[in-house]
Amino acid sequence: MPTPDALSATLSALADPTGRAILARLAEGEATVNELAQPFAISLPAVSRHLKVLEGAGLISRGREAQWRPCRLEADALRDVDDWLGRYRRFWSGSFDKMDAYIAELKRKEKRR
Amino acid sequence: MITDLADDELLITRTFDAPAALLFQLWSRPEHMKRWMGPASFTCPAAEIDFRPGGAYRGMIQSAEHGENWFGGVYREIVPDRKIVFTFAWDNDGPSAGHQMLVTITFEERHGRTVQTFHQKSFLTIQSRDGHVSGWTSAFDKLAAYAATLAEEQ
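Residues numbered from 1 in each chain as written. Chains lettered and ligands numbered in written order. Predicted model: local features only at pLDDT ≥ 70, side-chain atom pairs only at ≥ 80, totals over all residues. Heavy atoms only, no water.

1. Regarding the nonpolar core
Then comes step 1: Within the largest apolar cluster, 60 residues are counted, with the highest numbers of intra-cluster contacts made by Trp92(A), Trp27(B), Met37(B) and Phe88(B).
Then comes step 2: Beyond its immediate chain neighbours, meaning those up to four positions away, Phe88(B) contacts Tyr88(A), Phe91(A), Trp92(A), Met37(B), Tyr57(B), Phe71(B), Gly72(B), His99(B), Gln100(B), Met101(B) and Val103(B). (Core = buried A, V, L, I, M, F, W, Y, C linked by side-chain atoms within 4.5 Å. Buried < 20%, exposed > 50% of the residue type's maximum accessible area, 1.4 Å probe, protein only. Contact = heavy atoms within 4.5 Å.)

Here it is, written out as structure tokens:
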């Protein structure tokens, strides 16, 4: 289970549209900083800053070699977000099941009047 | 209409056999909310609602297994029988602690039945997109003051 801080870092990183776009590209496979910068109208240093945020959030990892440092998607952090969202989904869906039953109860009372 | 859901968004659409006016009441009146809030194994013994834009709400669901779970937020927008927008956060220290969510509920009545659309978005996303940080902060200050008042009354 992620700590609140880890989840916050992941959600913050996901909140950025460029960060999201980079993740979408990495979902197709590994890429270098140069390859990642191509579709965006931003500089290499700017892309590097985005990568640092994504790496800090555990969403990506980077190769060791200094020149060729391919970035790859790390599924665990995204899975944590998914689990977290799943708990909300169960909470609200379960509540709406009860809402349905409560409406039926209110209608029965209405009829008896 | 929402077509693209981000990784941190939730959309739940349900049709209820009730007019929109009744659904609106189920969300806005504490005596109703206590009857349905929380999944099957939970009860909702506490609900306080100041139902107006800028007004706060606070409630608690509990179960034998999970104990007491407090939640609360602030109403952002209210359109009678049509729409309610509010923030939502858990008080607990679990992985959802302190995460403000923004919830938008809309009601669309058709022939006595109502389609309820529930949309939840992480507040972090909204904050970074809109930059309305100071406005939100003051709303949360008000919520904290309200919660303190409630605690004193108990």
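From this point on, the discussion continues.
2. Observations regarding the packing of helix H2 (residues 17-26) of chain A against helix H4 (residues 44-56) of chain A
Residues and elements named next belong to chain A.
Then comes step 1: Running from N to C, H2 and H4 cross one another at 75°; their axes reach a closest spacing of 10 Å. The orientation of H2 relative to H4 falls into the category roughly perpendicular. Between H2 and H4, the contacting residues are Thr18, Gly19, Ile22 and Leu23 on the first element and His50, Leu51 and Leu54 on the second. (Axes fitted to C-alpha atoms, helices over the stretch in contact; angles between N-to-C directions. Helix = DSSP H or I, 4+ residues; strand = E, 2+ residues; numbered from the N terminus. Parallel < 35°, antiparallel > 145°, perpendicular 65-115°, else oblique.)

3. Quick look at the pairing of strand S7 (residues 113-122) of chain B
All names here are of chain B.
Then comes step 1: The element S7 is extensively covered by neighbouring structure, given that 9 of its 10 residues are classed as buried.
Then comes step 2: Note that strand S6 (residues 101-110) and S7 share 10 bridges and pair antiparallel. Opposite Leu102, over in S7, you have Lys121 as the bridge partner.
Then comes step 3: Here S6 folds back onto S7 in antiparallel fashion, the turn holding 2 residues, of which His111 has a positive phi close to 50°. (Pairing = 2+ DSSP bridges.)

4. Side note on the side chain of Thr87(B)
All names here are of chain B.
Then comes step 1: Its place among the elements puts Thr87 in strand S5 (residues 83-90).
Then comes step 2: Residue class for Thr87 comes out buried when judged on its relative accessible area of 1%.
Then comes step 3: Here the side chain of Thr87 touches Val74 through a polar contact of 2.8 Å, landing on its backbone nitrogen. (Polar contact = N/O pair within 3.5 Å; in protein donor to acceptor, adjacent residues only side chain to side chain.)

5. Focus on the pairing of strand S2 (residues 43-49) of chain B
If a strand is regular, its side chains alternate between the two faces of the sheet.
Then comes step 1: Sheet topology places S2(B) next to strand S3 (residues 56-63) of chain B; 5 bridges connect them, and they run antiparallel. Considered in S3(B), the bridge of Thr43(B) is made with Gln62(B).

6. Quick word on the packing of aromatic side chains
Then comes step 1: Under the defined criterion, the tally for this structure stands at 24 aromatic pairs over all chains.
Then comes step 2: Pairing Phe96(A) with Trp36(B) gives two aromatic rings, centres 6.4 Å apart and planes at 40°, and the pair type is tilted. Taken together, the residues Phe96(A) in helix H5 (residues 75-112) and Trp36(B) in helix H2 (residues 30-36) connect one chain to another.
Then comes step 3: Under the relative-accessibility criterion, Phe96(A) is labelled buried at 0%.
Then comes step 4: Of the residues examined, Trp36(B) reaches a relative accessible area of 0% and is grouped as buried. (Phe/Tyr/Trp six-rings, centres within 6.5 Å; stacked < 30°, edge-to-face > 60°.)

7. Topic: the side chain of Thr117(B)
Then comes step 1: Looking at where Thr117(B) falls in the secondary structure, it is placed in strand S7.
Then comes step 2: Setting aside anything within four residues of it in sequence, one finds Thr117(B) in contact with Leu11(B), Ile12(B), Thr13(B), Thr104(B), Ile105(B) and Thr106(B).

8. What to know about H4(A)
Residue and element names in this part refer to chain A.
Then comes step 1: Taking 1.5 Å per residue as the helical rise, H4 with its 13 residues ought to reach 18 Å, and the 18 Å between its terminal C-alpha atoms agrees with that figure.
Then comes step 2: Taken as a whole, H4 has its buried residues at Ala46, Val47, Leu51 and Leu54. In a view along the axis of H4, the buried residues occupy a sector of 140°, so they form one face of it. Exposed positions of H4 whose direction lies more than 90 degrees from the buried face are Arg49, Lys52 and Gly56. (Expected span 1.5 Å × (residues − 1). Arc of directions from axis to C-beta.)

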